[in-house]
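Chain by chain, the residues:
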Amino acid sequence: MSKKSKKPRQSHTTTPTPPEATQVELAGIGVRLAAAIYDGLLIFAINAIVAVILVVIATPSEVSSQNQTQVLSSNFRHLILFPAMVVMTWLFYGYFWRRRGQTLGMQTWRLKVIKPDGRLLNWSDSMGRCAASLILPSICGLAANILYHSEGAFALSLVFGFVGNYLWALINGRRLAWHDQLSATVVIRVPEDPRQKRGMLGWFSKTDEE
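Here's what I pulled together on the structure shown here.

Reading the values: the criteria
- Residues numbered from 1 in each chain as written.
- Predicted model: local features only at pLDDT ≥ 70, side-chain atom pairs only at ≥ 80, totals over all residues.
- Heavy atoms only, no water.
- Helix = DSSP H or I, 4+ residues; strand = E, 2+ residues; numbered from the N terminus.
- Contact = heavy atoms within 4.5 Å.
- Core = buried A, V, L, I, M, F, W, Y, C linked by side-chain atoms within 4.5 Å.
- Buried < 20%, exposed > 50% of the residue type's maximum accessible area, 1.4 Å probe, protein only.
- Expected span 1.5 Å × (residues − 1).
- Bend = angle between axes of the 7 residues up to and from the residue.
- Patch = residues over 30% accessible without salt bridge, like charges linked within 9 Å, V, L, I, M, F, W, Y side chains within 5 Å.
- Areas by Shrake-Rupley, 256 points an atom, 1.4 Å probe, with all protein chains shown as cover.
- Salt bridge = Lys/Arg side-chain N within 4 Å of Asp/Glu carboxyl O.
- Phe/Tyr/Trp six-rings, centres within 6.5 Å; stacked < 30°, edge-to-face > 60°.
- Lys NZ or Arg CZ within 6 Å of the ring centre and 35° of its normal.

With respect to the side chain of His 179
Then, number 1: Relative to the helices and strands, His 179 resides in helix α7 (residues 178–183).
Then, number 2: Excluding residues within four positions of it along the chain, His 179 makes contact with Arg 32, Arg 129, Ala 132, Ser 133, Asn 165, Tyr 166 and Thr 185.

The following block contains the structure:
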């Protein structure tokens, strides 16, 4: 009898395929401006309340008792009122960016600001990002004040500088705004969670329990 030679069986081991890297979508200019306008309205309301409180505190009791108003001095406006509004604006953004990377406006349009490594911002990161966003509007406002000496031109130049922060994303081709590059942060689109119920205008959002 002829014996058939048995060939050793070759073990076929499949190498596990590494999971694909998660694709991150950077946010576009339109939704970012919409979220910024939304947050701007909220900040305006908060600062208006702060301004009223500070004005009431600064008004002498004899003037308030007679239901009269008093013209605020330039020192009060420049040294107390304006710094208080700047601090409140920074606290607004710092709180939300540090807590979950999203302000109320950013929640509405599913935006999130993070560091390039995925970490959330801390207080110093938030301050740096807010300061970076003010550089271009400040330059435009200063130039308008020197050239025109008009409050209308000054306000218009601030708006132009604010929008210019985002138009910079078209120049660099990477969807990074001016203050994104200066503060080393990115704004991404968050995938929509079907479990999440969005509240009125982004308020009181909650996620269903599975």
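Now that the structure has been shown, we can carry on.
Some words on the nonpolar core
Then, number 1: Phe 92, Tyr 93, Trp 97, Met 106, Leu 111, Val 113 and Val 187 are the most contacted members of the largest nonpolar core, which totals 16 residues.
Then, number 2: Mapped onto this core, the elements with two or more residues apiece are α1 (29–58), α3 (74–99), α4 (104–108) and β1 (111–114).
Then, number 3: Not counting residues within four places of it along the chain, the set of residues in contact with Met 106 comprises Ala 35, Asp 39, Trp 97, Gly 101, Leu 111, Lys 112, Val 113 and Val 187.
Then, number 4: If you look at the next biggest cluster of nonpolar residues, it comprises 6 residues, including Val 50, Phe 76, Leu 81 and Ala 84.

Some thoughts on α3
Then, number 1: With 26 residues, α3 extends 36 Å from end C-alpha to end C-alpha; this agrees with the ideal 38 Å at 1.5 Å per step.
Then, number 2: Largest kink in α3: about 25°, centred on Leu 81, with the proline Pro 83 one to four residues after it.
Then, number 3: Every buried residue belonging to α3 is among Phe 76, Leu 81, Ala 84, Phe 92, Tyr 93, Gly 94, Phe 96 and Trp 97, and all of these are buried.
Then, number 4: Residues of α3 that are buried in the fold lie against α1, α4, β1 and α5 (123–148).
Then, number 5: The positive-phi residue at the C-terminal boundary of α3 is Gly 101, with phi of around 80°.

Comments concerning unusual backbone geometry
Then, number 1: With phi around 55°, Arg 110 is a residue other than glycine that occupies positive phi space.
Then, number 2: Looking at the secondary structure, you find Arg 110 in the loop between α4 and β1.
Then, number 3: A residue is classified by how much of its surface remains accessible, and Arg 110, at 24% relative accessible area, is partly exposed.
Then, number 4: You will see that Ala 184, though not glycine, has its phi angle at about 55°, which is positive.
Then, number 5: Relative to the helices and strands, Ala 184 resides in the loop between α7 and β2 (186–189).
Then, number 6: What makes Ala 184 partly exposed here is its relative accessible area of 38%.

Thoughts on the side chain of Lys 115
Then, number 1: Mapping Lys 115 onto the fold places it in the loop between β1 and α5.
Then, number 2: Residue Lys 115 is classed as buried on the basis of its relative accessible area of 13%.
Then, number 3: The contact partners of Lys 115, leaving out residues within four places of it in the chain, are Leu 120, Leu 121, Asp 125, Ser 183, Ala 184, Thr 185 and Val 186.

Overview of a nonpolar patch on the surface
Then, number 1: On the surface, Val 87, Leu 91, Tyr 95 and Trp 123 cluster together into a nonpolar patch covering about 340 Å² of accessible area.
Then, number 2: Broken down by element, the residue count for the nonpolar patch peaks at 3 residues, all from α3.
Then, number 3: Along the chain, the position of Leu 91 falls in helix α3.
Then, number 4: Among the residues examined, Leu 91 registers a relative accessible area of 35% and is labelled partly exposed.

Quick look at the pattern of salt bridges
Then, number 1: Going through the model one piece at a time under the given rule, you end up with 4 salt bridges.
Then, number 2: Across the salt bridge formed by Lys 115 and Asp 125, the nearest N and O atoms sit 3.9 Å from each other. Of the two residues, Lys 115 sits in the loop between β1 and α5 while Asp 125 sits in helix α5, which places them 10 residues apart along the sequence.
Then, number 3: A residue is classified by how much of its surface remains accessible, and Asp 125, at 18% relative accessible area, is buried.
Then, number 4: Connected through shared salt-bridge partners, Arg 32, Arg 129 and Asp 180 make up one network.

Looking at the packing of aromatic side chains
Then, number 1: The tally for this structure, following the rule as stated, stands at 8 aromatic pairs.
Then, number 2: Here the aromatic rings of Tyr 38 and Trp 109 are separated by 6.2 Å at their centres, their planes lie at 80°, and the arrangement is edge-to-face. Separated by 71 residues along the polypeptide, Tyr 38 in helix α1 and Trp 109 in the loop between α4 and β1 bring together distant segments of the chain.
Then, number 3: An aromatic cluster of at least three residues, connected via ring pairs, comprises Phe 92, Tyr 93, Tyr 95, Phe 96 and Trp 97.
Then, number 4: Just above the ring of Trp 97 sits the side chain of Arg 129; from NZ or CZ to the centre is 5.1 Å.

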